[in-house]
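If you want the building blocks of each chain, they are given just below.
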Amino acid sequence: MGKTYKIRFESNDLGQLVDGLRSRSEAWHGTVEFFETGTTSSDGFVIEECRDAEEARAIASHYDRIIASIVKQMNEQGVVS
């Protein structure tokens, strides 16, 4: 594991950050869906650039881990997510 940083945000800013990360995660999960089925469940969805479903799944999982870590820390501090 790499170096750990402590970064401070106001609660509204932190909520915006998590929302943005969730949006990116959804984009990568949609890309996985496209590679696996040839379609997406959303009109106007833009496929992310990658080699295949496995790469897209790995990137989506990375976003999911980041989100889970932030939400866990928010919950530990009493922030509503």
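Residues numbered from 1 in each chain as written. Predicted model: local features only at pLDDT ≥ 70, side-chain atom pairs only at ≥ 80, totals over all residues. Heavy atoms only, no water.

**Re the nonpolar core**
Nonpolar side chains in soluble globular proteins generally cluster together in the buried interior. Put simply, the rule is: In this text, buried Ala, Val, Leu, Ile, Met, Phe, Trp, Tyr and Cys residues form a nonpolar core when linked through side-chain atoms within 4.5 Å. For every residue, the accessible area obtained with a 1.4 Å probe (protein chains only) is divided by the maximum for its type, and the residue is called buried under 20%, exposed over 50%, and partly exposed between those limits. We count a stretch as a helix when DSSP gives it H or I for four or more residues in a row; a strand needs E for two or more, and each element gets its number in order from the N terminus. The contact criterion used throughout is that any non-hydrogen atoms of two residues lie within 4.5 Å.
Within the largest apolar cluster, 7 residues are counted, these being Leu14, Val18, Leu21, Ile67, Ile70, Val71 and Met74. Mapped onto this core, the elements with two or more residues apiece are helix H1 (11-37) and helix H2 (53-76). Sorting elements by how many residues they give to this core places H2 first, with 4 residues. Apart from residues no more than four positions distant in its own chain, isoleucine 67 is found in contact with Val18, Leu21, Arg22 and Ser25. Within the second largest apolar cluster, 5 residues are counted, among which are Trp28, Val32, Cys50 and Ala60.

**Observations concerning the pattern of salt bridges**
Side chains that differ in sign of charge can pair as their charged atoms come close. Rules: One speaks of a salt bridge when a side-chain nitrogen belonging to Lys or Arg is within 4 Å of a carboxyl oxygen belonging to Asp or Glu.
Following the criterion strictly, the structure yields 5 salt bridges and no others. Arginine 24 serves as the salt-bridge partner of glutamate 48, at 3.1 Å between the closest nitrogen and oxygen. Taken together, the residues span a long stretch of sequence, with glutamate 48 in the loop between H1 and H2 and arginine 24 in helix H1 at a distance of 24 residues. Residue class for glutamate 48 comes out buried when judged on its relative accessible area of 18%. The partly exposed category is assigned to arginine 24, whose relative accessible area is 30%. Residues joined in a network through salt bridges with shared partners are Glu36, Glu54 and Arg57.

**Quick word on H2**
Quick reminder of the rule: Helix span is expected to be 1.5 Å times the residue number reduced by one.
A rise of 1.5 Å per residue sets the reference length of H2, with its 24 residues, at 34 Å; its end C-alpha atoms lie 34 Å apart and thus fit the reference within 8%. Among the residues of H2, Ala53, Ala56, Ala60, Ile67, Ile70, Val71 and Met74 are the ones counted as buried. Buried residues belonging to H2 abut H1. Residue glycine 78 follows H2 closely and has a positive phi angle near 80°.

**Thoughts on the environment of tyrosine 63**
Counting through the fold element by element, tyrosine 63 comes out in helix H2. When near neighbours in sequence (up to four residues on either side) are disregarded, tyrosine 63 contacts Leu21, Arg24, Ser25 and Trp28.

**As for the environment of glycine 38**
Topologically, glycine 38 is positioned in the loop between H1 and H2. On the basis of relative accessible area, glycine 38 is assigned to the partly exposed category, the value being 46%. As a C-alpha pair, glycine 38 and glycine 20 span 18 residues in sequence and 26 Å in three-dimensional space.

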